[in-house]
Amino acid sequence: MPQPLAGAAVRKPSGAGLQAGAYNAAMSSADASPISKDPVKPSNFLRQIIEADLANGTHAQRRWGGSPGDGDHHNQGQVDVAKIRTRFPPEPNGYLHVGHAKAICLNFGLARDYEGACHLRFDDTNPEKEDQEYVDSIIDAVHWLGFGWKEADGHENLYFASNYFDFMYRAAEYLIEQGLAYVDEQSADDMKANRGDFSRPGVDSPFRSRTVAENLARFREMRDGKLPDGAAVLRAKIDMASPNINLRDPAIYRVRHAEHHNTGNQWCIYPMYTFAHPIEDALEHITHSICTLEFEDQRPFYDWLLDHLREGGLIAAPQPRQYEFSRLHLTYVITSKRKLKHLVDNGIVSGWDDPRMPTIVGLRRRGYTPQSIQAFCERIGVTKDYAWIDYSTLEGCLREDLENQAHRGMVALDPLKLELTNWAEVFGSAEHLEACELPALPHAAEGQQVPVRRFTLGREVWIEREDFAEVPPKGYKRLFPGNKVRLKGGYVIECTGCEKDAEGNVTKVLATVVPDTKSGTPGADSVKVKAAITWVGVADGVQAEVRLYDRLFTDPQPDAGGKDFLTLLNPDSLKVVTAYVEPSLANAQPDEKFQFERFGYFVADRKDHTPGKPVFNRATGLKDSWGK
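Residues numbered from 1 in each chain as written. Predicted model: local features only at pLDDT ≥ 70, side-chain atom pairs only at ≥ 80, totals over all residues. Heavy atoms only, no water.

The protein carries the name Glutamine--tRNA ligase in an unreviewed UniProt entry, which gives Delftia acidovorans as its organism. Word for word, the UniProt comment on the protein under Sequence similarities (unreviewed entry) is "Belongs to the class-I aminoacyl-tRNA synthetase family." (UniProt positions renumbered as here; feature names shortened; annotations may be inferred.)

## Focus: the domain arrangement of the protein
Parsing the protein into structural domains produces domain 1 (330-408 + 542-627) and domain 2 (411-443 + 450-533). One C-alpha centre belongs to domain 1, the other to domain 2; they are set 32 Å apart. Contact with domain 1, which involves 21 residues of that partner, is made by 20 residues of domain 2. At the boundary of domain 1 with domain 2, total buried surface from both sides reaches about 1700 Å², with 58% on carbon and sulfur atoms. One can count 5 salt bridges joining domain 1 with domain 2. Put simply, Asp467 and Arg598 hold a salt bridge, and the shortest N to O gap is 2.7 Å. (Domains from an automatic or database assignment. Contact = heavy atoms within 4.5 Å. Buried area = accessible area lost by both parts, 1.4 Å probe. Salt bridge = Lys/Arg side-chain N within 4 Å of Asp/Glu carboxyl O.)

## Examining the UniProt feature "binding site: L-glutamine" (unreviewed entry) in the protein
Sequence positions flagged by UniProt for "binding site: L-glutamine" (unreviewed entry) are, in local numbering, Asp123 and Tyr273. With the annotated positions falling across 151 residues, the maximum pairwise C-alpha distance of 8.1 Å places them together in a single cluster. Mapped onto the elements, Asp123 comes out in the loop between strand 4 (117-122) and helix 5 (132-144). Classification of Asp123 as buried rests on a relative accessible area of 2%. Setting aside chain neighbours within four positions, we find Asp123 in contact with Pro89, Pro90, Glu91, Pro92, Glu130, Ala161, Tyr273 and Glu280. Positionally, Tyr273 belongs in helix 9 (residues 273-283). When residues no more than four places from it in sequence are discounted, the contact partners of Tyr273 are Asp123, Pro278 and Phe295. (Helix = DSSP H or I, 4+ residues; strand = E, 2+ residues; numbered from the N terminus. Buried < 20%, exposed > 50% of the residue type's maximum accessible area, 1.4 Å probe, protein only.)

## As for the pattern of salt bridges
Taken as a whole and judged by the stated rule, the model has 60 salt bridges. With a shortest N-O distance of 3.4 Å, Glu294 and Arg327 are connected by a salt bridge. Pair noted here: Glu294 is in the loop between strand 10 (288-292) and helix 10 (299-311) and Arg327 is in the loop between strand 11 (321-325) and strand 12 (329-330), with a separation of 33 residues, a long-range link. Among the residues examined, Glu294 registers a relative accessible area of 42% and is labelled partly exposed.

## Some remarks on the pairing of strand 3 (residues 85-88)
Because side chains alternate across strand 3, one face comprises the buried residues Arg85 and Arg87, and the other comprises Thr86 and Phe88, equally buried. Where strand 3 and strand 4 come together, 4 bridges link them in parallel fashion. Within strand 4, the position partnered with Arg85 by the bridge is Ala117. For the handedness criterion, the β-α-β arrangement of strand 3, helix 4 (residues 98-113) and strand 4 is classed as right-handed. (Pairing = 2+ DSSP bridges. Right-handed = clockwise from strand over helix to strand, strands pointing away.)

## So, the packing of helix 6 (residues 165-177) against helix 9
Closest axis-to-axis distance for the helix 6/helix 9 pair is 11 Å, and the angle between their directions is 115 degrees. As far as their axial angle goes, helix 9 and helix 6 are roughly perpendicular. The element helix 6 and its partner helix 9 pack so that their crossing is right-handed. For the pair helix 6 and helix 9, contact is made by Phe167, Met168, Ala171, Ala172 and Leu175 and by Phe275, Ala276, Ile279, Glu280 and Leu283, respectively. The residue makeup of the contact of helix 6 with helix 9, split by class, is 9 nonpolar, no polar and 1 charged. (Axes fitted to C-alpha atoms, helices over the stretch in contact; angles between N-to-C directions. Parallel < 35°, antiparallel > 145°, perpendicular 65-115°, else oblique. Left-handed = near helix turned anticlockwise from the far one by under 90°. Nonpolar A, V, L, I, M, F, W, Y, C, P; charged D, E, K, R; others polar.)

The following block contains the structure:
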């Protein structure tokens, strides 16, 4: 009986990034608690294709050998219990970004909704740009988004394209034997010139007429390391006059003397992506291979290759089919891995997980939740249309997710001290601290106990600097001499003036407390005021570093039309302030989210925050205010 491909089973990551314990915990967590699916999903053309295939029984008799393998392996397997098979196939040459999140949610979501299986496959066919660090980060990101690849029988669909190199080489030799591939030794410039263009057909290579024996011998010399990099490529023999330039004898193998993160120095020739991708799909018996639109012109070669391999019995029927959708175009964001790497390497951002980055690790550190990103991907839909999605849509999904679960808290981001000058007279002691409380979650679910946060009011408090005006503008309702406001959750106070330094800057606001007006007491409504302001007690407030993140670019399309994205960086994308937070926030755990009243949603930084030194990142404001 044929065996599955060597090494095709799950290989746990090693090295920097995700350690074994974290890997096992992530696998257990994600597969034991999948994201619950909505009862009704919005339709799109991919769902319509899948539903038509299921109705017509297109894949009903498809067999699955239990692991990736060739035609004989799958044909001797059982009828596949997975009604469809999709895959998410990232190249491990960088950190995943928000565009990948759309592909993850799409592929894993379709498999989930149609009782199928989704494979996580690393397209690691380019040894010079790939690294184990990226493998580990991708595994972590997919799990964090809420998806796993373990089937009901416990089989884990985690694969590496490099584990299929033996079969890919076998397929290449088969094409040579059938007269469908040849070794070309033209220079790169000659090959490019002879390829032609949209108005001019290609010219046959002088090596195109080599015999099968000559091609096999030369290809084996490539494999055995007898040719230097760039000396030769293996090309499919299709049609140099084809109107689709991708069918003009595309290169399918090249010489690369480079160590691979998985196979080491076993190989010095590597398959091109356009050759490897359809083979990977076929060996994994994928039913619906979903790609972004830039691969649409490659689909004829995808089908050409699989048609010939199926005819030769190398792969099982029915073969995979490729379908394309429009990639995500999000305003104020770039998603080119090369350009994102430039930002990291040149210190423009602090790393791949900088909260201004569109990477999944960056979004996570910024305060985004898996649920908000899934909701965003669902909301923008799946089409073939080229359209820009406004960044505010993503922020709106986060607000909706956090509104009913992020505990509230008061902060002073631009703190100004306020002294209640009659405090000792009213309470009998200047050191007296009045216990106060407010709901931590005003909109708790029905039947849920409303959590309470507690803090104290004393003679001195921190207020927001903008809440005092010595000469108030028209319509100003907060503190100015002679005006009354309520300290939220505390007492009504009346402003009496301020103190200034030698330069005329206000250093302290002076006010008096109005007795018997504490919130929640019978006298609370005895004095009417037009405003309530947030505050933090000097006695129990905690100093914190707050990082006010904003969009990284000032242009909504920083990477379009040949623009130099480096000239469009937002100089105000990060402001760091020393703030004071109420005591309930001082006990925050890393990654815990809060709504800072009046300012927006914030998260305790997952790397730098400690109970002794709180650090909070702004995730998003309470409403979209960009450019307004």
